[in-house]
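Chains, contacts and geometry: an overview
For reference, the chains in residue letters:
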Amino acid sequence: LITFTLPVAVISIVIVPVALFLYGRVIVSVVHGTGGAMVAARNQHTLDLLRVSMLSLRHIILGKIAANLWKRMEDIDTILLGILLCGMPALAAYHVAPLRADEVTLGVRMLVVLGMTVLPIRLLVEPFMAGALAVAIGSVVPTRAGAVVTTLALMVFYYVCVLTPFMFRPDALGVILF
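Quick look at the overall build of the chain now. When its secondary structure is counted, the chain shows seven helices and zero strands. Listing each helix as α and each strand as β along the chain from the N terminus yields α-α-α-α-α-α-α. In the chain, which comprises 178 residues, the share counted as buried stands at 29%. Contacts in the chain between residues far apart in sequence, at least 24 positions, make up 80% of those at least 6 positions apart. Carbon together with sulfur atoms contributes 77% to the accessible area of the chain, which is approximately 11,400 Å² in total.

Right under this line is the structure:
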């Protein structure tokens, strides 16, 4: 058993940070591309020209987001593959390792499986969310740099809000709160 689990754990220690770096790069490039495209369309008045066409505003905006996501699809595929192959040992090490053997119940195992199911969905939805936010901010802010910086600041705030509860283990959180 140790001959199988040790290499998987070591590989996941290496692959997960690389996947997180690639994921950050995807988010930044999607924000830069969609926010910049929206600012350019508004400044060059091509958005008004598109509004005259048969396309609805919803389709125009979704097209800008989809075009930028499609450019980054190879990176997103690599991230999904790395997380799907190496994410389970990382999740198990984080959630199951502090528990004693008798505390690892079926509920804990199901939560790890649920976390592994939600993770790929988040990896696909969050770049789209970042692109939609960049389009919304890019339609209001007059400069590309302002749209990109504002969107990235909001995305950092989002990740801080989402990931802060996971920074503390339940036993450490109990010590902090009580």
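The structure having been displayed, the exposition proceeds.
Moving on, we come to the pattern of salt bridges. The tally for this structure, following the rule as stated, stands at two salt bridges. Across the pair Arg 122 and Glu 126 runs a salt bridge, and its minimum N-O distance is 2.8 Å. Pair noted here: Arg 122 and Glu 126 are both in helix H5 (residues 106-138), with a separation of four residues, about one helical turn. Looking at Glu 126, the relative accessible area reads 3%, which means it is buried.

Right, let's get into the packing of aromatic side chains. One pass over the full model with this rule turns up two aromatic pairs. Ring geometry for Tyr 23 versus Tyr 159: centroids 6.4 Å apart, planes at 80 degrees, classification edge-to-face. A residue pair is termed long-range when its members are at least 10 positions apart, and Tyr 23 in helix H1 (residues 2-43) and Tyr 159 in helix H6 (residues 144-167) qualify at 136 residues. A relative accessible area of 10% means that Tyr 23 is categorised as buried. Assessed through its relative accessible area of 18%, Tyr 159 is described here as buried. Judged by centre distance (5.0 Å) and plane angle (65 degrees), the ring pair of Tyr 158 and Tyr 159 falls under edge-to-face. When its relative accessible area of 25% is taken as the criterion, Tyr 158 is described as partly exposed. Here the aromatic residues Tyr 23, Tyr 158 and Tyr 159 are joined through ring pairs into a cluster of three or more.

Look at helix H3 (residues 57-71) against H5: their axes get within 10 Å of each other, and the N-to-C directions meet at 130 degrees. What the angle tells us is that H3 and H5 run oblique. Classified by chirality, the crossing of H5 by H3 is right-handed. On the side of H3, the interface is formed by Ile 61, Leu 62, Ile 65 and Leu 69, while H5 contributes Pro 127, Phe 128, Gly 131, Ala 132 and Val 135.

Another aspect to go through is the nonpolar core. The biggest cluster of nonpolar side chains holds 27 residues, and the ones touching the most others in it are Tyr 23, Ile 27, Val 31, Ile 79, Ile 83 and Leu 123. Among the elements that make up this core, the one with the highest residue count is H1 (nine residues). With residues near it in sequence (within four places) discarded, Ile 79 still touches Ala 19, Leu 22, Tyr 23, Val 26 and Leu 123.

Another aspect to go through is the environment of Leu 84. Relative to the helices and strands, Leu 84 is located in helix H4 (residues 73-95). Taking the C-alpha atoms as reference points, Leu 84 and Pro 120, separated by 36 residues in sequence, lie 7.5 Å from one another. With sequence-adjacent residues up to four places away left out, Leu 84 is seen in contact with Met 116 and Pro 120.

Each value, and the rule that gives it
Residues numbered from 1 in each chain as written. Predicted model: local features only at pLDDT ≥ 70, side-chain atom pairs only at ≥ 80, totals over all residues. Heavy atoms only, no water. Helix = DSSP H or I, 4+ residues; strand = E, 2+ residues; numbered from the N terminus. Buried < 20%, exposed > 50% of the residue type's maximum accessible area, 1.4 Å probe, protein only. Contact = heavy atoms within 4.5 Å. Areas by Shrake-Rupley, 256 points an atom, 1.4 Å probe, with all protein chains shown as cover. Salt bridge = Lys/Arg side-chain N within 4 Å of Asp/Glu carboxyl O. Phe/Tyr/Trp six-rings, centres within 6.5 Å; stacked < 30°, edge-to-face > 60°. Axes fitted to C-alpha atoms, helices over the stretch in contact; angles between N-to-C directions. Parallel < 35°, antiparallel > 145°, perpendicular 65-115°, else oblique. Left-handed = near helix turned anticlockwise from the far one by under 90°. Core = buried A, V, L, I, M, F, W, Y, C linked by side-chain atoms within 4.5 Å.

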